[in-house]
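Single-letter residue listing:
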Number of protein chains: 2
Amino acid sequence: MEMVSALYKHINKFIDLSNDEQEILAPFLKSFTVRKKAFLLSQGQTCRTNYFVVKGCLRLYFIDIKGAEQTTQFAIENWWITDLTSFLFQEQSEFYIQAAEATEVIAIEHHHYDEMFHKLPKLERYFRLILQKNHQASQRRIKFLYSQTAEERYRHFNSLFPEFVQRVPQYMLASYLGFTPEFLSKIRAKK
Amino acid sequence: MEMVSALYKHINKFIDLSNDEQEILAPFLKSFTVRKKAFLLSQGQTCRTNYFVVKGCLRLYFIDIKGAEQTTQFAIENWWITDLTSFLFQEQSEFYIQAAEATEVIAIEHHHYDEMFHKLPKLERYFRLILQKNHQASQRRIKFLYSQTAEERYRHFNSLFPEFVQRVPQYMLASYLGFTPEFLSKIRAKK
DNA sequence: TTCATTTCTTAAACTACATTAAGTTTTTTC
DNA sequence: GAAAAAACTTAATGTAGTTTAAGAAATGAA
């Protein structure tokens, strides 16, 4: 299956997009492959792109004051990912976006963004629904961060996404869950 | 100024809403006042409403396993607040929404939600932009939670929102920032 | 204007998790 | 398939923040 049709398929889960409308959208989309560990954004650059993951896995992270990588977000199949602050205001990013695996992505450029919504107002609804899901996910994530211990967060995440836990290195997962790789080792060691 | 006009004004910062369109929207809005400490949602209820704060302050919190209140969100003037998971899927909420001060709110009911977007598709854009801001705020918040110590988070928040810090009790602020009220006292004591 | 309630403070004892450092295993590369 | 690089483990030591508990201050109610 051609890459962009994965996005059309996803959009059609939320709104009805006719063939004509797909053709209007097409020129705004660029699809390509990134290999494992390649960067789509680095600290200091302006984030010019919103990425849709067709296949594979991207992660958003920053380097904290102690020099450690802090992964704040993963994006797998059918998720969008970007540094929204940098993307919206076209200012320097403090984040990196990196491929955690070889990944197929579809990109929409910031300089096309307004035009795209202008030509296809229907997409307002699609992105509203996507952002609503995002917001919902954020609310749940904050709740877990505030109510569970490190060990509970790991066990909970592991029970929700057992296959995903296998896909990424433990040090990425540890920082995503808010603790150190050493502590994750310790948790896994018992039982 | 009448309450709902505060919302129209806010909407008009993002999209153009004609007088006619305002009249279409009006029947979907209910505005009222809640007094300090009153609840708009309690754990176990289904969240049927999305709230817009005209004036005052609402907070979203839950009770953790140890019985402590964990404030995960505040909403002040011109912010929307709801338990999105409960609101979207009309399932039992694990949260409380409580007035931190006497508060003027505008409410949109879940059973009007789809109809509202149907009659006023323009609002898709408004809510997309609002949710985009939300998502951006979430990304920044997660970054701060992952990179700063409790003390740094307090000082940073305090420098960004000095007036707000005065408005709410310290125990709400402490849990919002992810630590105990006792620790906040300690931080404030030094210097 | 007093009594009750809520909020804030202080300090000692405790703990979940971080840090450091060295060694081991796994994966990648050529 | 050997060497290098990346990822993971283990364990001792350290610390930021919690817990508990009691008292003080502020706020609210009658």
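The preceding data block contains the structure.
Now for a description of the structure that goes with this document. Position numbers for residues count from 1 along each chain, tracking the sequence in the order it is written. Each chain is given a letter, starting from A, and each ligand a number, starting from 1, according to the order in which they appear as written. Where local features are concerned, this predicted model is filtered to residues with pLDDT of at least 70; where side-chain atom pairs are given and counted, the filter is 80 or more; whole-chain, interface and lining totals use all residues. Each side-chain value is derived from all of the structure's non-hydrogen atoms; neither hydrogens nor water enter the calculation.

**Observations concerning the protein's contact with DNA strand C**
Here is the rule: Think of it this way: one heavy atom of a residue within 4 Å of a molecule or strand is enough to make that residue near it. Polar contacts here mean pairs of N or O atoms no more than 3.5 Å apart (in protein, one a potential hydrogen donor and the other a potential acceptor; neighbouring residues in sequence count only if both atoms are side-chain atoms).
The immediate surroundings of DNA strand C are formed by 16 residues, with Lys-66, Ala-150 and Thr-180 of chain A together with Gln-170 and Ser-185 of chain B found nearest. Close to the protein, within 4 Å, the atoms of DNA strand C belong to sugar or phosphate groups at a rate of 76%. Gln-170 of chain B places a polar main-chain atom, nitrogen or oxygen, 2.9 Å from a phosphate oxygen of DNA strand C. Contacts to DNA strand C include Tyr-171 of chain B, whose backbone N or O atom sits 3.2 Å from a phosphate oxygen.

**Comments concerning the protein's contact with DNA strand D**
For the record, the criterion: The helix count covers DSSP runs of H or I at least four residues long, the strand count covers runs of E at least two residues long, and both are numbered beginning at the N terminus. Lys, Arg, Asp and Glu make up the charged group, whereas Ala, Val, Leu, Ile, Met, Phe, Trp, Tyr, Cys and Pro make up the nonpolar group; the residues left over, Gly among them, are polar.
The environment of DNA strand D is formed by 16 residues, the closest being Gln-170 and Ser-185 of chain A together with Lys-66, Ala-150 and Thr-180 of chain B. The sugar-phosphate share of atoms of DNA strand D within 4 Å of the protein amounts to 70%. Here a phosphate oxygen of DNA strand D sits 2.8 Å away from a polar atom, N or O, in the main chain of Ala-150 of chain B. Thr-180 of chain B is positioned such that a nitrogen or oxygen atom in its side chain is 3.0 Å from a phosphate oxygen of DNA strand D. Counting residues per element, the ones that place at least two in the surface near DNA strand D are helix 8 (170-177) and helix 9 (181-189) of chain A together with helix 9 (181-189) of chain B. Within the surface near DNA strand D, the residues separate by chemical class into six nonpolar, four polar and six charged.

**A few points about the pattern of salt bridges**
Side-chain pairs of opposite charge can arise where the charged atoms are in close proximity. The following threshold applies: Here a salt bridge means any side-chain nitrogen of Lys or Arg lying within 4 Å of a carboxyl oxygen belonging to Asp or Glu. Here the term buried applies to any residue with accessible area under 20% of the maximum for its type, exposed to any over 50%, and partly exposed to those in between, with areas from a 1.4 Å probe on protein chains only.
Enumeration over the complete set of coordinates arrives at 20 salt bridges over all chains. Residue Arg-128 of chain B is joined to Glu-124 of chain A by a salt bridge in which the shortest nitrogen-to-oxygen separation is 2.5 Å. Of this pair, Arg-128 of chain B sits in helix 5 (residues 122-147) while Glu-124 of chain A sits in helix 5 (residues 122-147), which puts the two residues in different chains. Judged on exposure class, the residue Arg-128 of chain B and its partner Glu-124 of chain A are both buried. Of the charged contacts, one joins Arg-167 of chain B and Glu-77 of chain B as a salt bridge, the two residues approaching to 3.5 Å between their closest N and O atoms. Taken together, the positions of Arg-167 of chain B in helix 7 (residues 162-167) and Glu-77 of chain B in the loop between strand 5 (69-75) and strand 6 (80-81) put the pair 90 residues apart, joining distant regions of the chain. For Arg-167 of chain B, a relative accessible area of 29% puts it in the partly exposed group. Sharing partners across several salt bridges, the network here consists of Glu-77, Glu-101 and Arg-167 of chain A.

**Considering the sheet that holds strand 5 (residues 69-75) of chain A**
The criterion, for reference: Should DSSP find at least two bridges between two strands, the strands are taken to pair. Here the axes come from fitting lines to C-alpha atoms, over the contacting stretch only for helices, and the angles between their N-to-C directions go from 0 to 180 degrees. Contact definition: two residues touch when any of their heavy atoms are within 4.5 Å.
In spatial order, the strands read 2-7-4-5 (chain A); together these four strands make up an open sheet with antiparallel pairing. The strands lining the two open edges of the sheet, one partner per strand, are strand 2 (39-41) and strand 5 of chain A. On average, each strand axis in the sheet is tilted by 30 degrees relative to the strand beside it, whichever way the strands run. Relative to strand 7 (residues 96-99) of chain A, strand 2 of chain A runs antiparallel, the two sharing two bridges. From the neighbouring strand, Leu-41 of chain A faces strand 7 of chain A, where its bridge partner is Ile-97 of chain A. Of the strands in this sheet, strand 4 (58-63) and strand 5 of chain A touch helix 5 of chain B, which is tilted by about 145 degrees from strand 5 of chain A.

**Points about the interface of chain B and chain A**
How big an interface is tends to be stated in terms of accessible area lost as the parts join. The criterion, for reference: Note on terms: buried area is the combined drop in 1.4 Å-probe accessible area of two parts once they are placed together, counting the loss on both.
Each side of the interface is counted separately: chain B has 39 residues, and chain A has 39 residues. When the two sides are added together, the surface that chain B and chain A hide from each other amounts to roughly 3,500 Å², 61% of it contributed by carbon and sulfur. Scanning the region where chain B abuts chain A turns up six salt bridges. Between the two partners, chain B and chain A, sit 16 residue pairs in polar contact (both at pLDDT 80 or more). Every element with two or more residues in the side of chain B that touches chain A is listed here: strand 4 (58-63), strand 5, helix 3 (84-89), helix 4 (110-119), helix 5 and helix 8 (170-177) of chain B. Residue contributions to the side of chain B that touches chain A peak at 18 residues, all from helix 5 of chain B. In the side of chain B that touches chain A, the residues fall into 15 nonpolar, 15 polar and nine charged.

**Quick look at the relation of the copies chain B and chain A**
The test is simple: Least squares is used to superpose the copies, and the fit set is the C-alpha atoms of residues whose pLDDT is at least 70 in both copies.
With an RMSD of 0.0 Å, the fit of chain B onto chain A corresponds to turning through 180 degrees and sliding 0.0 Å along the axis. With respect to symmetry, the two chain copies, as superposed, fit the operation of a two-fold axis. Ranked by how close their C-alpha atoms come to the rotation axis, the residues of chain B are headed by Arg-128 of chain B, at 2.1 Å. Take the interface residues of chain B: 100% of them recur as interface residues in chain A, which is what a same-surface contact looks like.

**Here's the deal with the environment of Ser-185 of chain A**
Along the chain, Ser-185 of chain A falls in helix 9. Remark: the alpha-carbon pair of Ser-185 of chain A and Tyr-171 of chain A, spanning 14 residues in sequence, is separated by 9.6 Å.

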